[in-house]
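Residue strings, one per chain:
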Amino acid sequence: MYRIATLWKTRLEPLLKRHGLTATGFHVLVTLRQAGPAHSLTTGQLAALGLVTCSGMTIRADKLEQQRLIVRERDDHDRRIIHLRLTEHGLDLVDHLLAHYRACEQRLLATLDADEQRTLSKLLGSMEHSLRHDEQTLVPHVRCDGRD
């Protein structure tokens with residue numbers, strides 16, 4: 001699995017690099033893209049989803065904000081909470097990159113027949129569920145909003 005993940009990452013890195021992104025920065029953009037119509041999450045939510053520290057999330061956010069791909073917004077009800085939201089430019093870029101990503105994924109999956117694809121999907125889903133369960137029991141909840 002590690003070799004496949006490494007090869008996959010190696011294939012996508014040149015595209016991300018051309019747009020000034022790393023895999024982790026891309027992950028933040030995709031997560032915000034999938035966060036519903038507001039395309040916004042708190043730094044704490046993003047840190048917990050990405051399994052990074054709050055300071056790691058801040059470093060990622062700084063870079064993405066400098067590229068004008070996200071903006072930081074204070075919560076209306078609790079000024080300690082910071083929301084990260086995709087800008088229009090960030091939304092356009094992540095959609096462009098996701099289209100390329102999905103095309104690469106389709107080419108890779110085309111090497112498997114329909115039954116193999118269903119089996120792979122089921123197995124990967126089971127493994128992801130197992131990892132998420134372990135993550136919830138082994139990793140303490142991370143908060144980045146000053147309300148520990």
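As shown above, the structure is provided for reference.
Conventions we followed
Residues numbered from 1 in each chain as written. Predicted model: local features only at pLDDT ≥ 70, side-chain atom pairs only at ≥ 80, totals over all residues. Heavy atoms only, no water. 1 Å grid on protein atoms, 1.4 Å probe; cavity = no way out; pocket = protein on both sides within 12 Å on 5 of 7 lines; lining within 4 Å. Points joined across faces, edges and corners; volume = space filled by probe spheres on them. Helix = DSSP H or I, 4+ residues; strand = E, 2+ residues; numbered from the N terminus. Nonpolar A, V, L, I, M, F, W, Y, C, P; charged D, E, K, R; others polar. Pairing = 2+ DSSP bridges. Axes fitted to C-alpha atoms, helices over the stretch in contact; angles between N-to-C directions. Contact = heavy atoms within 4.5 Å. Buried < 20%, exposed > 50% of the residue type's maximum accessible area, 1.4 Å probe, protein only. Lys, Arg positive; Asp, Glu negative; His and termini not counted. Salt bridge = Lys/Arg side-chain N within 4 Å of Asp/Glu carboxyl O. Left-handed = near helix turned anticlockwise from the far one by under 90°. Phe/Tyr/Trp six-rings, centres within 6.5 Å; stacked < 30°, edge-to-face > 60°.

Asks: Mind showing me how you'd approach the layout of surface pockets here?
Replies: One way to see where empty space is left: roll a probe the size of a water molecule over the atoms. In this structure, the largest pocket spans a volume of roughly 1500 Å³. Listed by contribution, the elements that provide at least two residues to the lining of the largest pocket are α1 (2-18), α2 (23-33), α3 (43-50), α5 (88-109) and α6 (114-138). The biggest single contributor to the lining of the largest pocket is α6, with nine residues. The residue inventory of the lining of the largest pocket, partitioned by class, reads 18 nonpolar, five polar and six charged. Roughly 670 Å³ of volume is contained in the second largest pocket. In this structure, the second largest pocket is lined by 21 residues; those nearest its centre are Trp-8, Ala-23, Phe-26, His-27 and Tyr-101. Residue assignment for the lining of the second largest pocket shows that the elements contributing at least two residues are α1, α2 and α5.

Asks: Explain the sheet that holds strand β2 (residues 70-74) to me, please; I cannot follow it from the model alone.
Replies: If you walk across this open sheet you meet the three strands as β1-β3-β2, and the pairing is antiparallel. Here the strands that pair on one side only, and so sit at the sheet edges, are β1 (40-42) and β2. Between one strand axis and the next, the sheet turns through 30 degrees on average, direction left out of account. In the sheet, β2 pairs with strand β3 (residues 82-86) via five bridges, with the strands oriented antiparallel. The residue of β3 that forms the bridge with Arg-72 is Leu-84. Against the sheet, helix α4 (residues 54-66) touches β2 and β3, its axis set at about 120 degrees to β2.

Asks: Help me understand the side chain of Arg-60, please; the structure alone is not making it clear to me.
Replies: By secondary structure assignment, the location of Arg-60 is in helix α4. For the buried residue Arg-60, which engages in no salt bridge, the nearest side chain bearing the opposite charge is Asp-62, 11 Å off. Not counting residues within four places of it along the chain, the set of residues in contact with Arg-60 comprises Thr-24, Val-28 and Val-52.

Asks: How do you make sense of the pattern of salt bridges when you look at a structure like this?
Replies: Oppositely charged side chains can form a pair if their charged atoms are brought close together. Applying the stated criterion to the full structure yields seven salt bridges. The partner of Arg-118 in a salt bridge is Asp-115, with the nearest N and O atoms 2.4 Å apart. Taken together, the positions of Arg-118 and Asp-115, both in helix α6 and three residues apart, correspond to about one turn of that helix. Of the residues examined, Arg-118 reaches a relative accessible area of 53% and is grouped as exposed. Salt bridges linked by common partners bring Asp-62, Glu-65 and Arg-72 together as one network.

Asks: Sorry, what's going on with the packing of α2 against α3 here?
Replies: Helix-helix packing is characterised by the crossing angle of the two axes and by the distance between the axes. Running from amino to carboxyl end, α2 crosses α3 at an angle of 115 degrees, the nearest separation of the two axes being 11 Å. The interaxial crossing formed by α2 with α3 has right-handed handedness. In this structure, α2 contributes His-27, Val-28, Thr-31 and Leu-32 to the contact, and α3 contributes Leu-46, Leu-49 and Gly-50. Residue composition of the contact of α2 with α3, grouped by class: four nonpolar, three polar and no charged.

Asks: When you look at the packing of aromatic side chains in this model, what are you seeing that I'm missing?
Replies: Both the distance between ring centres and the angle between the ring planes are used here to describe each pair of aromatic rings. Evaluated as defined, the whole model comprises two aromatic pairs. Measuring from centroid to centroid gives 5.3 Å for Trp-8 and Tyr-101, while their planes differ by 85 degrees, and the two rings are edge-to-face. Residue Trp-8 is located in helix α1, and its partner Tyr-101 is located in helix α5; the two are separated by 93 residues in the primary sequence. Classification of Tyr-101 by relative accessible area gives partly exposed; the value is 25%.

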